[in-house]
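Understanding the architecture of this molecule
Listed here are the chains, written in short residue letters.
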Amino acid sequence: MQIYLAPLQGLTDWIFRESFTEHLGQFDKTFTPFVRMQHGEFYRPSQCNDLLPTNNTFQQPVPQFLGNDAESFKRFEELCLEHDYKEANINMGCPYPMVSGKKMGAGLLSEPKMIAELLKNIFTNTQLKISVKCRLGLESATEFEQIIPILNTFPLEEIILHPRKAKQQYKGEADRTAFAKYAPLLKHSVCYNGDILNSTDLEELVSLYPALNKIMIGRGILEKPFLMSEIRGEKLEKEEKIKRLRSFHSSLIEHCKKKYSGDLHFLKRMEELWEYHCVGFENGRKIYKQVKKSKTLAQYEIAVFQGINDLL
Ligand SMILES: Cc1cc2nc3c(=O)[nH]c(=O)nc-3n(C[C@H](O)[C@H](O)[C@H](O)COP(=O)(O)O)c2cc1C
(Lines give C-alpha, C1' and ligand atoms only; values in the text may rest on other atoms or scores of the structure.)
Protein backbone atom coordinates (compact mmCIF):
# COMPACT_ATOMS: atom_id res chain seq x y z
CA MET A 1 0.00 0.00 0.00
CA GLN A 2 1.48 3.36 -0.97
CA ILE A 3 0.87 6.15 1.53
CA TYR A 4 0.76 9.81 0.51
CA LEU A 5 0.68 12.84 2.80
CA ALA A 6 -2.31 15.06 2.00
CA PRO A 7 -1.77 18.77 1.39
CA LEU A 8 -3.23 20.82 4.24
CA GLN A 9 -2.87 24.58 3.84
CA GLY A 10 -1.23 26.12 6.93
CA LEU A 11 -0.37 22.69 8.37
CA THR A 12 1.64 20.43 6.03
CA ASP A 13 3.91 23.10 4.57
CA TRP A 14 7.67 22.54 4.14
CA ILE A 15 8.25 23.02 7.88
CA PHE A 16 5.99 20.10 8.74
CA ARG A 17 7.13 17.93 5.83
CA GLU A 18 10.85 18.43 6.51
CA SER A 19 10.46 17.71 10.23
CA PHE A 20 8.19 14.72 9.66
CA THR A 21 10.16 13.03 6.93
CA GLU A 22 13.46 13.52 8.79
CA HIS A 23 12.25 12.12 12.12
CA LEU A 24 9.04 10.15 11.66
CA GLY A 25 9.26 8.60 8.22
CA GLN A 26 9.18 9.11 4.46
CA PHE A 27 5.88 8.97 2.63
CA ASP A 28 5.56 7.47 -0.83
CA LYS A 29 4.62 10.99 -1.95
CA THR A 30 3.98 14.34 -0.37
CA PHE A 31 2.17 17.34 -1.88
CA THR A 32 2.50 21.05 -1.26
CA PRO A 33 -0.63 22.85 -0.11
CA PHE A 34 -2.15 24.67 -3.10
CA VAL A 35 -0.43 27.55 -4.82
CA ARG A 36 -3.29 29.75 -5.93
CA MET A 37 -3.05 31.48 -9.30
CA GLN A 38 -5.21 33.84 -11.32
CA HIS A 39 -4.65 35.41 -14.76
CA GLY A 40 -1.09 34.14 -14.91
CA GLU A 41 -0.12 35.65 -11.54
CA PHE A 42 0.60 34.17 -8.15
CA TYR A 43 -2.24 35.19 -5.84
CA ARG A 44 0.09 35.05 -2.81
CA PRO A 45 3.68 34.91 -4.03
CA SER A 46 4.85 33.72 -0.58
CA GLN A 47 3.09 30.38 -1.30
CA CYS A 48 5.90 29.68 -3.79
CA ASN A 49 8.41 29.39 -0.92
CA ASP A 50 6.96 25.98 -0.23
CA LEU A 51 8.49 24.73 -3.48
CA LEU A 52 12.03 25.98 -2.87
CA PRO A 53 14.51 23.09 -3.05
CA THR A 54 16.28 24.46 0.05
CA ASN A 55 13.01 23.94 1.94
CA ASN A 56 12.57 20.40 0.67
CA THR A 57 15.78 18.58 1.42
CA PHE A 58 14.38 15.26 2.71
CA GLN A 59 11.61 14.57 0.22
CA GLN A 60 10.65 16.44 -2.92
CA PRO A 61 6.89 17.13 -2.81
CA VAL A 62 4.49 17.31 -5.75
CA PRO A 63 3.56 21.00 -6.19
CA GLN A 64 -0.18 21.65 -6.24
CA PHE A 65 -1.81 24.18 -8.58
CA LEU A 66 -5.07 25.94 -7.77
CA GLY A 67 -6.43 27.86 -10.73
CA ASN A 68 -8.54 27.45 -13.83
CA ASP A 69 -6.72 28.98 -16.77
CA ALA A 70 -3.94 27.77 -19.02
CA GLU A 71 -1.93 30.99 -18.72
CA SER A 72 -1.72 30.50 -14.95
CA PHE A 73 -0.72 26.88 -15.31
CA LYS A 74 2.01 27.86 -17.76
CA ARG A 75 3.50 30.25 -15.21
CA PHE A 76 3.15 27.59 -12.50
CA GLU A 77 4.91 25.05 -14.69
CA GLU A 78 7.78 27.49 -15.29
CA LEU A 79 8.25 27.71 -11.54
CA CYS A 80 8.13 23.91 -11.19
CA LEU A 81 10.69 23.38 -13.96
CA GLU A 82 12.93 26.09 -12.54
CA HIS A 83 13.11 24.01 -9.34
CA ASP A 84 13.47 20.70 -11.17
CA TYR A 85 10.04 19.25 -10.36
CA LYS A 86 8.81 16.48 -12.64
CA GLU A 87 5.15 16.34 -11.61
CA ALA A 88 2.35 18.73 -10.66
CA ASN A 89 -1.07 18.17 -9.14
CA ILE A 90 -4.22 20.09 -10.02
CA ASN A 91 -6.60 20.94 -7.18
CA MET A 92 -10.23 20.21 -8.08
CA GLY A 93 -11.34 19.75 -4.51
CA CYS A 94 -10.99 22.96 -2.51
CA PRO A 95 -14.50 23.51 -1.13
CA TYR A 96 -14.20 27.04 0.25
CA PRO A 97 -16.78 29.32 -1.39
CA MET A 98 -14.18 32.07 -2.00
CA VAL A 99 -12.38 29.55 -4.20
CA SER A 100 -15.16 27.35 -5.60
CA GLY A 101 -17.27 30.44 -6.34
CA LYS A 102 -14.49 31.54 -8.74
CA LYS A 103 -14.68 28.17 -10.55
CA MET A 104 -11.48 26.93 -9.04
CA GLY A 105 -10.88 23.91 -6.84
CA ALA A 106 -14.16 22.03 -6.41
CA GLY A 107 -15.85 24.86 -8.34
CA LEU A 108 -14.49 23.25 -11.51
CA LEU A 109 -16.50 20.08 -10.89
CA SER A 110 -19.74 21.70 -11.99
CA GLU A 111 -18.02 22.94 -15.17
CA PRO A 112 -16.98 19.85 -17.13
CA LYS A 113 -16.27 21.94 -20.23
CA MET A 114 -13.83 24.12 -18.32
CA ILE A 115 -12.03 21.03 -17.03
CA ALA A 116 -11.77 19.65 -20.56
CA GLU A 117 -10.46 22.98 -21.88
CA LEU A 118 -7.94 23.39 -19.07
CA LEU A 119 -6.58 19.84 -19.38
CA LYS A 120 -6.44 20.10 -23.17
CA ASN A 121 -4.36 23.27 -22.93
CA ILE A 122 -2.12 21.83 -20.26
CA PHE A 123 -1.45 18.58 -22.12
CA THR A 124 -0.68 20.42 -25.37
CA ASN A 125 2.40 21.99 -23.82
CA THR A 126 3.38 20.41 -20.55
CA GLN A 127 6.69 18.74 -19.77
CA LEU A 128 5.38 17.59 -16.39
CA LYS A 129 3.47 14.53 -15.28
CA ILE A 130 0.03 15.75 -14.26
CA SER A 131 -2.24 14.36 -11.57
CA VAL A 132 -5.61 15.57 -10.29
CA LYS A 133 -6.97 15.70 -6.73
CA CYS A 134 -10.73 15.99 -6.71
CA ARG A 135 -13.99 15.53 -4.87
CA LEU A 136 -17.13 13.87 -6.21
CA GLY A 137 -18.87 17.10 -7.03
CA LEU A 138 -19.92 20.51 -5.80
CA GLU A 139 -23.49 19.70 -4.76
CA SER A 140 -24.01 16.06 -5.65
CA ALA A 141 -21.94 12.89 -6.06
CA THR A 142 -23.50 12.20 -9.46
CA GLU A 143 -21.67 15.25 -10.87
CA PHE A 144 -18.68 12.93 -10.99
CA GLU A 145 -20.35 10.88 -13.72
CA GLN A 146 -19.88 13.86 -16.10
CA ILE A 147 -16.25 14.25 -15.04
CA ILE A 148 -15.11 10.63 -15.49
CA PRO A 149 -15.22 10.58 -19.34
CA ILE A 150 -13.29 13.86 -19.42
CA LEU A 151 -10.56 12.68 -17.06
CA ASN A 152 -10.36 9.45 -19.07
CA THR A 153 -9.45 11.44 -22.19
CA PHE A 154 -6.14 12.64 -20.76
CA PRO A 155 -2.94 10.78 -19.85
CA LEU A 156 -3.04 11.70 -16.18
CA GLU A 157 -0.40 10.25 -13.87
CA GLU A 158 -3.06 9.46 -11.25
CA ILE A 159 -6.28 10.69 -9.70
CA ILE A 160 -6.67 11.25 -5.98
CA LEU A 161 -10.33 11.05 -5.05
CA HIS A 162 -11.70 12.43 -1.80
CA PRO A 163 -15.28 11.13 -1.97
CA ARG A 164 -17.11 14.07 -0.43
CA LYS A 165 -19.15 16.78 -2.09
CA ALA A 166 -17.81 20.31 -1.73
CA LYS A 167 -20.97 21.47 0.04
CA GLN A 168 -20.07 19.07 2.89
CA GLN A 169 -16.72 20.87 3.32
CA TYR A 170 -15.16 18.46 5.86
CA LYS A 171 -18.39 17.41 7.57
CA GLY A 172 -20.32 14.17 7.33
CA GLU A 173 -18.59 11.09 6.06
CA ALA A 174 -16.39 10.40 3.08
CA ASP A 175 -18.52 8.20 0.80
CA ARG A 176 -16.40 5.06 0.48
CA THR A 177 -19.14 3.24 -1.41
CA ALA A 178 -19.15 5.98 -4.07
CA PHE A 179 -15.36 5.66 -4.26
CA ALA A 180 -15.65 1.90 -4.84
CA LYS A 181 -18.31 2.55 -7.50
CA TYR A 182 -16.43 5.23 -9.45
CA ALA A 183 -12.75 4.24 -9.08
CA PRO A 184 -13.01 1.27 -11.49
CA LEU A 185 -14.58 3.56 -14.13
CA LEU A 186 -11.45 5.70 -14.23
CA LYS A 187 -8.73 4.55 -16.61
CA HIS A 188 -6.03 5.91 -14.34
CA SER A 189 -4.39 4.76 -11.19
CA VAL A 190 -6.67 5.98 -8.37
CA CYS A 191 -5.68 6.95 -4.84
CA TYR A 192 -8.23 7.09 -2.02
CA ASN A 193 -8.33 10.07 0.36
CA GLY A 194 -10.58 10.91 3.31
CA ASP A 195 -11.03 10.03 7.00
CA ILE A 196 -8.40 7.31 7.37
CA LEU A 197 -7.71 7.60 11.08
CA ASN A 198 -6.56 4.07 11.95
CA SER A 199 -5.72 0.66 10.47
CA THR A 200 -9.33 -0.49 10.85
CA ASP A 201 -10.53 2.32 8.56
CA LEU A 202 -8.06 1.07 5.99
CA GLU A 203 -9.11 -2.57 6.38
CA GLU A 204 -12.76 -1.61 5.84
CA LEU A 205 -11.82 0.36 2.78
CA VAL A 206 -9.83 -2.51 1.29
CA SER A 207 -12.71 -4.91 1.87
CA LEU A 208 -14.96 -2.52 -0.10
CA TYR A 209 -12.38 -1.99 -2.83
CA PRO A 210 -9.78 -4.78 -2.87
CA ALA A 211 -7.84 -3.25 -5.81
CA LEU A 212 -6.84 -0.29 -3.63
CA ASN A 213 -3.07 0.23 -3.56
CA LYS A 214 -2.70 3.96 -2.77
CA ILE A 215 -4.06 6.07 0.04
CA MET A 216 -3.56 9.69 0.99
CA ILE A 217 -3.83 10.71 4.64
CA GLY A 218 -4.05 14.21 6.08
CA ARG A 219 -5.70 14.73 9.44
CA GLY A 220 -5.03 11.13 10.50
CA ILE A 221 -1.28 11.80 10.32
CA LEU A 222 -1.59 15.04 12.30
CA GLU A 223 -3.59 13.17 14.94
CA LYS A 224 -1.45 10.05 15.00
CA PRO A 225 2.07 10.70 13.81
CA PHE A 226 2.83 6.95 13.92
CA LEU A 227 -0.17 5.96 11.80
CA MET A 228 2.01 5.42 8.72
CA SER A 229 4.41 3.19 10.72
CA GLU A 230 1.40 1.29 12.09
CA ILE A 231 -0.02 0.70 8.59
CA ARG A 232 3.40 -0.42 7.36
CA GLY A 233 3.58 -2.88 10.24
CA GLU A 234 6.65 -1.27 11.84
CA LYS A 235 6.92 -2.12 15.52
CA LEU A 236 8.29 0.79 17.55
CA GLU A 237 8.93 0.72 21.29
CA LYS A 238 7.39 3.53 23.35
CA GLU A 239 10.87 4.98 24.17
CA GLU A 240 11.72 5.08 20.46
CA LYS A 241 8.44 6.83 19.64
CA ILE A 242 9.03 9.44 22.32
CA LYS A 243 12.59 10.02 21.10
CA ARG A 244 11.33 10.55 17.56
CA LEU A 245 8.52 12.82 18.69
CA ARG A 246 10.98 14.99 20.62
CA SER A 247 13.22 15.29 17.55
CA PHE A 248 10.21 16.04 15.33
CA HIS A 249 9.05 18.85 17.63
CA SER A 250 12.56 20.26 18.04
CA SER A 251 12.87 20.35 14.27
CA LEU A 252 9.49 22.11 13.88
CA ILE A 253 10.65 24.76 16.34
CA GLU A 254 14.02 25.26 14.62
CA HIS A 255 12.39 25.68 11.20
CA CYS A 256 9.70 27.97 12.60
CA LYS A 257 12.37 30.21 14.10
CA LYS A 258 13.63 30.79 10.56
CA LYS A 259 10.17 31.54 9.18
CA TYR A 260 8.45 33.58 11.90
CA SER A 261 9.96 36.72 13.36
CA GLY A 262 8.03 36.87 16.64
CA ASP A 263 6.62 34.22 18.97
CA LEU A 264 3.01 35.16 18.23
CA HIS A 265 2.75 33.79 14.67
CA PHE A 266 4.67 30.72 15.72
CA LEU A 267 2.31 30.08 18.64
CA LYS A 268 -0.78 30.54 16.50
CA ARG A 269 0.51 28.03 14.00
CA MET A 270 1.42 25.48 16.65
CA GLU A 271 -1.97 25.86 18.30
CA GLU A 272 -3.54 24.87 14.97
CA LEU A 273 -1.33 21.79 14.75
CA TRP A 274 -2.01 20.74 18.33
CA GLU A 275 -5.75 20.99 17.76
CA TYR A 276 -5.32 17.79 15.70
CA HIS A 277 -2.09 16.51 17.22
CA CYS A 278 -3.48 16.25 20.77
CA VAL A 279 -5.94 13.51 19.76
CA GLY A 280 -3.30 10.78 19.52
CA PHE A 281 -1.73 11.43 22.96
CA GLU A 282 -2.96 10.00 26.27
CA ASN A 283 -2.31 13.44 27.82
CA GLY A 284 -3.07 15.34 24.61
CA ARG A 285 -5.86 17.59 25.93
CA LYS A 286 -3.61 18.71 28.78
CA ILE A 287 -0.77 19.56 26.39
CA TYR A 288 -3.16 21.34 24.04
CA LYS A 289 -4.53 23.48 26.89
CA GLN A 290 -1.00 24.48 27.90
CA VAL A 291 -0.03 25.18 24.30
CA LYS A 292 -3.04 27.51 24.06
CA LYS A 293 -2.01 29.26 27.27
CA SER A 294 1.61 29.76 26.15
CA LYS A 295 2.55 33.36 25.49
CA THR A 296 6.18 32.73 24.56
CA LEU A 297 8.24 30.12 22.73
CA ALA A 298 9.87 29.18 26.07
CA GLN A 299 6.46 28.42 27.63
CA TYR A 300 5.47 26.44 24.56
CA GLU A 301 8.64 24.35 24.75
CA ILE A 302 8.01 23.50 28.41
CA ALA A 303 4.41 22.50 27.65
CA VAL A 304 5.31 20.27 24.73
CA PHE A 305 8.51 18.60 25.91
CA GLN A 306 7.20 18.07 29.45
CA GLY A 307 4.01 16.66 27.93
CA ILE A 308 5.97 14.26 25.73
CA ASN A 309 8.21 13.18 28.69
CA ASP A 310 5.11 12.47 30.79
CA LEU A 311 4.19 9.77 28.31
CA LEU A 312 7.06 7.67 29.64
C1 LIG B 1 -7.07 22.83 7.07
C2 LIG B 1 -7.12 22.09 5.76
C3 LIG B 1 -6.40 22.55 4.68
C4 LIG B 1 -6.44 21.87 3.45
N5 LIG B 1 -5.69 22.32 2.39
C6 LIG B 1 -5.70 21.64 1.21
C7 LIG B 1 -4.88 22.04 0.10
O8 LIG B 1 -4.12 23.01 0.15
N9 LIG B 1 -4.97 21.31 -1.04
C10 LIG B 1 -5.78 20.21 -1.15
O11 LIG B 1 -5.83 19.56 -2.20
N12 LIG B 1 -6.54 19.81 -0.12
C13 LIG B 1 -6.50 20.48 1.05
N14 LIG B 1 -7.24 20.02 2.09
C15 LIG B 1 -7.97 18.73 1.96
C16 LIG B 1 -7.06 17.55 2.38
O17 LIG B 1 -5.94 17.43 1.52
C18 LIG B 1 -7.82 16.22 2.36
O19 LIG B 1 -8.36 16.04 1.08
C20 LIG B 1 -8.96 16.19 3.38
O21 LIG B 1 -8.55 16.69 4.63
C22 LIG B 1 -9.47 14.75 3.56
O23 LIG B 1 -8.42 13.88 3.95
P24 LIG B 1 -8.14 13.49 5.50
O25 LIG B 1 -9.46 13.06 6.08
O26 LIG B 1 -7.13 12.38 5.44
O27 LIG B 1 -7.63 14.72 6.18
C28 LIG B 1 -7.23 20.70 3.31
C29 LIG B 1 -7.96 20.24 4.41
C30 LIG B 1 -7.92 20.91 5.63
C31 LIG B 1 -8.70 20.36 6.79
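See the structure printed just above.
Conventions used here
- Residues numbered from 1 in each chain as written.
- Predicted model: local features only at pLDDT ≥ 70, side-chain atom pairs only at ≥ 80, totals over all residues.
- Helix = DSSP H or I, 4+ residues; strand = E, 2+ residues; numbered from the N terminus.
- Rg over C-alpha atoms; globule rule 2.2 N^0.38 Å.
- Buried ≥ 20, exposed ≤ 12 C-beta atoms within 10 Å, placed from the backbone.
- Contact = placed C-beta atoms within 7 Å.
- Axes fitted to C-alpha atoms, helices over the stretch in contact; angles between N-to-C directions.
- Parallel < 35°, antiparallel > 145°, perpendicular 65-115°, else oblique.
- Left-handed = near helix turned anticlockwise from the far one by under 90°.
- Nonpolar A, V, L, I, M, F, W, Y, C, P; charged D, E, K, R; others polar.

1. Description of the overall build of the protein chain
- Across its full length, the protein chain carries 13 helices and 10 strands.
- Against the 2.2 N^0.38 benchmark of 20 Å for 312 residues, the protein chain shows a C-alpha radius of gyration of 20 Å, consistent with a compact globule.
- Put simply, the protein chain has 312 residues, and 39% of those count as buried.
- Contacts in the protein chain between residues far apart in sequence, at least 24 positions, make up 71% of those at least 6 positions apart.

2. Remarks on unusual backbone geometry
- Of note, the phi angle at D84 is positive, near 70°, even though the residue is not glycine.
- The exposure class of D84 is exposed, given the 8 C-beta atoms found within 10 Å.
- Positive phi outside glycine occurs at K103, with the angle close to 60°.
- If you trace the backbone, K103 turns up in the loop between α3 (97-100) and α4 (112-125).

3. Here we look at the packing of α4 against helix α5 (residues 144-151)
- In the contact formed by α4 and α5, the axes pass within 10 Å of each other and the chain directions differ by 20°. Considered as vectors, α4 and α5 are oriented roughly parallel to each other. In this structure, α4 meets α5 at a crossing whose hand is right-handed. On α5, the residues touching P112, I115 and A116 of α4 are Q146, I147 and I150.
- When grouped by side-chain class, the residues that make up the contact of α4 with α5 number 5 nonpolar, 1 polar and no charged.

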